[in-house]
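What follows is each chain in one-letter form.
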Amino acid sequence: MAARLTPLAQSLPASVPFVGPEAAERARGAGFTARLGANENVFGPSPKAIAAMETAAGDIWKYADPESHDLVTALAAHHGVAPANVMVGEGIDGLLGYLVRLYVGPGDAVVTSEGAYPTFNYHVAGYGGTLHKVPYRGDHEDPEALLTKAAEVGAKLVYLANPDNPMGTWHAGSVIEDMVARLPEGSLLVLDEAYVEMAPEGAVPRIAIDHPGVLRMRTFSKAYGMAGARVGYAIGAAEQIEAFHKVRNHFGMNRAAQAGALAALGDQAYLADVLSRIAAAREEIARIAAENGLSALPSATNFVTVDCGRDGDFARAVLAGLVARGIFVRMPFVAPQDRAIRISCGTAADLAAFAEALPSALAETAGA
């Protein structure tokens, strides 16, 4: 007898938000020369974090502290808030799943941008919420349109990433502060700040930690170089943070990952060095793009969105040409942003391989 899925589960596609580079390698029957498509930090975590994880591996027979006490305490001190204002979880993706479970029931309205982070949409669909989307404006998410739509539909959650994924653009902190001040009653702004450590001065909004209308999401996956460890955290009002305990997987955090994140947080000198290497890689990607007649969007992330100058079909053909040449890249999913490809910051060798492959991929596409 077949398992009896719920009607909601039966209605959902058996899909994931992203196809991983490993799946692409299996499909093409070869590995990639340069892995530049997953917004990973190829410069890696602090050596202190690696050492901490290696040490913790000897105790991996133990369950991890279900409260993540040491990491929560350190994060609270780092941000100048109370431990009650911090929740650690299995990456931002895991925390978004818990958040949607807490707030969204069948038919509840949620507002996001067309083409914004698809994992959030995946969770909303999984709990039966109704997604309402607004278009980007000038390659930026549009706070004004998000607010208007939220008021129109009575949105429980409003999602915005700053800096943005997939475009790498950003809003000034004052723009986000104004958005927070004008949130409709009953709406919660989910402010995804996965790339915040790379944001320029003035891009980080000043929001009171006890503001009931905002929950901020941060991660160790990007600037700290620990994407495979799955460590993220939320900061917000104590009442919002406490609610996570109702639904979270209390043993979901990996013991070694906890130790690594704690050590990474304590090595701000290494973080500063990585940020300088990311900035240099962004400049090199922009140079390579210009050399090939393409334009790079200004970026506040560890990737650069490169405008291919035509439509989505052209950009997809360029992407396919790069993949065929062993360069793993991705692109935005929705027009008109799909006129671009997205290149993660890489090592000198990675970017040299990209620079070598791009001219022939463009020539092949233009001649097709």
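Anything mentioned here points back to the structure above.
Residues numbered from 1 in each chain as written. Predicted model: local features only at pLDDT ≥ 70, side-chain atom pairs only at ≥ 80, totals over all residues. Heavy atoms only, no water.

Engineer: Explain the environment of Ala263 residue by residue, including any values.
Structural biologist: By the secondary structure assignment, Ala263 is in helix H10 (residues 255-265). Residues Ala263 and Asp164 lie 99 residues apart in sequence; the distance between their C-alpha atoms is 27 Å. Residues contacting Ala263, with those up to four places away along its chain left out, are Lys48, Ala49 and Ala52. (Helix = DSSP H or I, 4+ residues; strand = E, 2+ residues; numbered from the N terminus. Contact = heavy atoms within 4.5 Å.)

Engineer: Kindly report on the packing of helix H12 (residues 312-324) against helix H13 (residues 348-367), identifying the contributing residues and their values.
Structural biologist: Any two packed helices are characterised by how steeply their axes cross, that is the angle between the axes, and by the distance between the axes. One can describe the packing of H12 onto H13 by two numbers: an axis separation of 8 Å at closest approach and a directional angle of 130°. Of the possible angle classes, the one that applies to H12 and H13 is oblique. The chirality of how H12 crosses H13 is right-handed. Contacts between H12 and H13 involve Phe314, Ala317, Val318, Gly321 and Leu322 from the first element and Phe354, Ala357, Leu358, Ala361, Leu362, Glu364, Thr365 and Ala366 from the second. Its residues placed into classes, the contact of H12 with H13 shows 10 nonpolar, two polar and one charged. (Axes fitted to C-alpha atoms, helices over the stretch in contact; angles between N-to-C directions. Parallel < 35°, antiparallel > 145°, perpendicular 65-115°, else oblique. Left-handed = near helix turned anticlockwise from the far one by under 90°. Nonpolar A, V, L, I, M, F, W, Y, C, P; charged D, E, K, R; others polar.)

Engineer: Give a detailed account of the environment of Arg282, specifying residues and quantitative values.
Structural biologist: Topologically, Arg282 is positioned in helix H11 (residues 268-291). Taking the C-alpha atoms as reference points, Arg282 and Glu152, separated by 130 residues in sequence, lie 39 Å from one another. Once you skip the residues sitting within four places of it in the chain, Arg282 turns out to touch Met198, Ser299, Ala300, Thr301, Phe303, Val304 and Cys345.

Engineer: Can you lay out the packing of aromatic side chains for me, pointing to particular residues and giving the numbers?
Structural biologist: Using the criterion set out here, one finds six aromatic pairs in the structure. Plain terms: the ring middles of Phe32 and Phe328 are 5.2 Å apart, the flat faces sit at 40° to each other, and that makes the pair tilted. You can see Phe32 sitting in the loop between helix H2 (21-28) and strand E1 (34-35) and its partner Phe328 sitting in strand E11 (residues 327-328), a full 296 residues away along the chain. You'll find Phe32 and Phe328 in the same group, each marked buried. Judged by centre distance (4.8 Å) and plane angle (20°), the rings of Phe120 and Tyr159 are stacked. (Phe/Tyr/Trp six-rings, centres within 6.5 Å; stacked < 30°, edge-to-face > 60°. Buried < 20%, exposed > 50% of the residue type's maximum accessible area, 1.4 Å probe, protein only.)

Engineer: Account for the layout of surface pockets, with residues named and values stated.
Structural biologist: Here the largest pocket defines a volume of roughly 610 Å³. In terms of lining, the largest pocket is formed by 27 residues, of which the most central are Ala38, Asp93, Tyr117, Lys222 and Arg230. Of all the elements in the fold, those that place two or more residues in the lining of the largest pocket are H2, helix H5 (91-103) and strand E5 (157-161). Residues that form the lining of the largest pocket fall into these classes: 11 nonpolar, seven polar and nine charged. (1 Å grid on protein atoms, 1.4 Å probe; cavity = no way out; pocket = protein on both sides within 12 Å on 5 of 7 lines; lining within 4 Å. Points joined across faces, edges and corners; volume = space filled by probe spheres on them.)

Engineer: Would you mind going over the nonpolar core in detail, with residue names and values included?
Structural biologist: One finds Met217, Phe220, Val231, Phe244, Leu322, Ile327 and Ile341 to be the most contacted residues of the largest nonpolar core, which totals 90 residues. For this core, the element with the highest residue contribution is H11, accounting for eight residues. What Ile327 contacts, discounting residues up to four positions off in sequence, is Phe32, Ala34, Leu36, Leu322, Ala353, Phe354 and Ala357. Counting residues in each nonpolar core, the second largest holds 16 residues, with Val111, Val134, Leu147 and Val214 among its members. (Core = buried A, V, L, I, M, F, W, Y, C linked by side-chain atoms within 4.5 Å.)

Engineer: Tell me about the sheet that holds strand E10 (residues 303-307), and please be specific about residues and values.
Structural biologist: Strand order across the open sheet formed by three strands is E9-E10-E12, with antiparallel pairing between neighbours. Bordering the open sheet on either side are strand E9 (295-296) and strand E12 (340-344), each of which pairs with just one other strand. Of the pairings in the sheet, the one linking E9 to E10 comprises two bridges and is antiparallel in character. Pairing of Ser295 across the sheet is with Asp307, part of E10. (Pairing = 2+ DSSP bridges.)

Engineer: Could you give an account of helix H3 (residues 47-57), naming the residues involved and the relevant values?
Structural biologist: Buried within H3 are the following residues: Ala49, Ala52 and Ala56. Down the axis of H3, the buried side of the element spans an arc of 60°, and every buried residue falls inside it. Facing away from the buried side of H3 by over 90 degrees, the exposed positions are Pro47, Glu54 and Thr55. Summarising the contacts, the buried residues of H3 are in contact with H10. (Arc of directions from axis to C-beta.)

Engineer: I'd like to hear about empty space enclosed by the protein, residue by residue, with values.
Structural biologist: A probe as big as a water molecule, rolled over the atoms, marks out the empty space that is left. Under the defined criterion, the tally for this structure stands at four cavities of 30 Å³ or more. As for the largest cavity, its lining consists of Phe18, Gly115, Ala116, Tyr117, Pro118, Asn165, Pro166, Arg330, Met331, Pro332, Phe333 and Arg342. Its residues placed into classes, the lining of the largest cavity shows eight nonpolar, two polar and two charged. Among the elements of the structure, strand E2 (86-89) and H5 are those that each provide at least two residues to the lining of the second largest cavity. Here the lining of the second largest cavity takes three residues from E2, the largest share from any one element. Residues belonging to the lining of the second largest cavity are distributed by class as follows: six nonpolar, five polar and two charged.

Engineer: Run through the pattern of salt bridges, naming residues and quoting values.
Structural biologist: Enumeration according to the criterion identifies 21 salt bridges in this entry. In this structure, the salt-bridge partner of Arg35 is Glu40, at a minimum N-O distance of 2.7 Å. Residue classification places Glu40 among the partly exposed residues on the basis of a relative accessible area of 21%. We note a salt bridge from Asp108 to Lys156, for which the minimum N-O separation is 3.2 Å. Note that Asp108 is positioned in the loop between H5 and strand E3 (109-113) and Lys156 in the loop between helix H7 (143-153) and E5, a separation of 48 residues in sequence. A relative accessible area of 22% places Asp108 in the partly exposed class. Assessed through its relative accessible area of 36%, Lys156 is described here as partly exposed. The network of salt bridges with shared partners includes Glu22, Arg35 and Glu40. (Salt bridge = Lys/Arg side-chain N within 4 Å of Asp/Glu carboxyl O.)

Functional significance is not addressed by these values, which are geometric in nature.
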